[in-house]
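In case you want the letters, here they are:
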Amino acid sequence: MSILEVRNLNKHFGEYAAVKDVDFTLERGEALAIIGASGSGKTTLLRCLNFLETPDTGEIIVNGKTIFDAASDQRHSDASIRKNRLHFGLVFQSFNLFPQYTALRNVTLALELLARDREGFRANKAAILAKIERDAKQILDSVGLSDRLGHYPPQLSGGQQQRVAIARALALSPDILCFDEPTSALDPELTGEVLKVIKSLAARQTTMIIVTHEMQFAREVADTVLFMDEGYIVEQGPPEEVFGAPKEERTKQFLERYSQGTIE
């Protein structure tokens, strides 16, 4: 069974169709890279999966369970959206950290808020919070930030802030970890440290969806590459096929423009 199935997903903003008839599946432990020019629908698709945008049509199925069906008469409450969103851990382009909190607090905050809603929290508060802090420290250590726990975002480099954001997403134990252009806000010197973390996650068979402009990185880390253009999935397949022998003319043109440095 696929961990994720997306069926006939469409999203409009007024008369503009940002995502058109998107269908794909994702297997557990697979890294899926989504490539395409700016405005091709990549980020909108990711935002639909994370319920930051509401699709106009389509279904989203996780672990065999339909968590969104635009055709359903059932209302999607804020509570159900928050619950379904936990299937996905999203790492934003621009980190989205709380500047008033330390690196450690940025990771523990969501875990504490979730824990407060669970039965028995008040009776076991101290033990639960202690475990949350231990787990957060371990995750921050795994992304190379054990010596930055008490630092605030303004005291961290862009690469370090993005690694805090990755740790925050990992802490929630999502089924699927999603990256929206995770290196676009970084200079080349800091890009490598973030890509190294993502590669290590891929090596551990973390299920991931990665929207990226880094073609060589996509080629190295992805099990499947999905090329989007004008809201459509134009081509998808193993990286050696999409990059080495693309079947669609639009894919060929995109890769040629990228190699010439003329892609946006």
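Thresholds applied
Residues numbered from 1 in each chain as written. Predicted model: local features only at pLDDT ≥ 70, side-chain atom pairs only at ≥ 80, totals over all residues. Heavy atoms only, no water. Pairing = 2+ DSSP bridges. Helix = DSSP H or I, 4+ residues; strand = E, 2+ residues; numbered from the N terminus. Axes fitted to C-alpha atoms, helices over the stretch in contact; angles between N-to-C directions. Contact = heavy atoms within 4.5 Å. Core = buried A, V, L, I, M, F, W, Y, C linked by side-chain atoms within 4.5 Å. Buried < 20%, exposed > 50% of the residue type's maximum accessible area, 1.4 Å probe, protein only.

(A) Structural view of the sheet that holds strand E3 (residues 31–35). Spatial ordering of the open sheet is given by E6-E7-E8-E3-E9-E10, a layout of six strands whose pairing is mixed. Each edge of the sheet is formed by a strand with only one pairing partner; in this case those strands are strand E6 (88–91) and strand E10 (232–237). Between one strand and the next, the sheet's axes are offset by a mean angle of 20°, whatever the strand orientation. In the packing of helix H5 (residues 158–171) onto the sheet, contacts are made with E6 and strand E7 (176–180), and the angle to E6 comes to roughly 170°.

(B) Just the sheet that holds strand E4 (residues 57–62), in detail. Taken together, four strands build an open sheet; the order of strands is E2-E1-E4-E5 and the sheet is antiparallel. Bordering the open sheet on either side are strand E2 (16–26) and strand E5 (65–69), each of which pairs with just one other strand. Averaged over all adjacent pairs, the angle separating strand axes in this sheet is 20°, with direction ignored. Seen against the sheet, helix H1 (residues 42–49) touches strand E1 (4–13), E2 and E4 and runs at an angle of roughly 115° to E1.

(C) Region of the structure containing the nonpolar core. Counting 38 residues, the largest nonpolar core has Leu-140, Val-164, Ile-166, Phe-179, Ile-198, Leu-201 and Met-208 as the members making the most contacts within it. Where this core is concerned, the elements lending two or more residues are helix H3 (103–116), helix H4 (125–142), H5, E7, helix H6 (188–203), strand E8 (208–211) and helix H7 (215–221). For this core, the element with the most residues is H5, which contributes seven residues. Apart from residues no more than four positions distant in its own chain, Val-164 is found in contact with Leu-97, Ala-103, Asn-106, Val-107, Leu-140, Leu-145 and Leu-156. If you look at the next biggest cluster of nonpolar residues, it comprises 29 residues, including Leu-26, Cys-48, Val-62 and Phe-88.

(D) Structural detail: the environment of Ala-18. Within the secondary structure, Ala-18 is located in strand E2. Linking Ala-18 and Gly-41, residues 23 residues apart in sequence, is a C-alpha distance of 5.3 Å. Those residues in contact with Ala-18 that sit more than four places away from it in its chain are Lys-11, His-12, Phe-13, Ser-40, Gly-41, Thr-44 and Gly-231.

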